[in-house]
Amino acid sequence: MASKEAYRRLILGDRAVISGSASSSLHSDMDKLVHLILLSENLALNGTVTQSSTHLTWLAQNAIDGKKYGSEYCFATSYQSNPWWRLDLLDVYNISTVIITTHASYLDQANGAEIRVGNSLENNGNNNPVCAVTSGLQAGRTITYSCRGMLGRYVNVIMPERTAHLSLCEVEVYGTGKFDS
């Protein structure tokens, strides 16, 4: 019989799921993965994006084009203080998961970023509650972060208290329902 990790890799490929209990059953893990893949839609694909600045031609919308690999499909900010990227989902959703695909060469430009979800545009949305802080990223890999049903219209990725580029290749957002803000 195949291990839980073998089943996870079969379904998710290189995705690594962050959160959840190591002691959960295979059946429970499989149910969650099947639900994520088959029943959810990537809400980011229908949203609009902006970022604090643009490095060369690495535009904000590259992160929601559905293409995960290759520099031409990534976004990057200029080298600046507190760089950020923001997705407007155009409505309020119950956000369960944010999935990030890193650039194959610019890993230091994503580790330590905060993923924030909420309804405020105060400070460009960077004051919304924190869903997760990126860590353990590997070059060219996809990692899933659980937001545990946070309500929000805006999903931000920010490198707080740091002067750097911010660069990612894909940001996927999964959730349910539309709610009044």
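Please read these numbers as outputs of a predicted model, since none were measured by experiment.

Residues of the chain with pLDDT of at least 70 account for 73%, and the chain-wide mean is 80. Confidence drops under pLDDT 50 across residues 1-26; counting only partners more than four residues distant or on other chains, this segment forms 43 contacts.

Counting 31 residues, the largest nonpolar core has Trp 85, Ile 95, Val 98 and Val 173 as its most contacted members. For this core, the element with the most residues is strand E5 (residues 84-101), which contributes 7 residues. Those residues in contact with Val 173 that sit more than four places away from it in its chain are Glu 41, Asn 42, Leu 43, Ala 44, Leu 87, Leu 89, Ile 95, Thr 97, Val 98 and Val 155.

As enumerated under the stated definition, the model contains 3 salt bridges in all. Here Glu 172 makes a salt bridge to Lys 68, at a shortest N to O gap of 3.1 Å. Here Glu 172 is found in strand E11 (residues 170-179), whereas its partner Lys 68 is found in the loop between strand E2 (48-51) and strand E3 (75-76), with 104 residues between them in sequence. Accessibility classification places Glu 172 together with Lys 68 in one group, the buried group. Here Glu 114 and Arg 116 are joined by a salt bridge, their closest N and O atoms 2.8 Å apart. An identical accessibility class is assigned to Glu 114 and Arg 116; each is buried.

Quick notes on the rules
- Residues numbered from 1 in each chain as written.
- Predicted model: local features only at pLDDT ≥ 70, side-chain atom pairs only at ≥ 80, totals over all residues.
- Heavy atoms only, no water.
- pLDDT = per-residue confidence, 0-100.
- Contact = heavy atoms within 4.5 Å.
- Core = buried A, V, L, I, M, F, W, Y, C linked by side-chain atoms within 4.5 Å.
- Buried < 20%, exposed > 50% of the residue type's maximum accessible area, 1.4 Å probe, protein only.
- Helix = DSSP H or I, 4+ residues; strand = E, 2+ residues; numbered from the N terminus.
- Salt bridge = Lys/Arg side-chain N within 4 Å of Asp/Glu carboxyl O.

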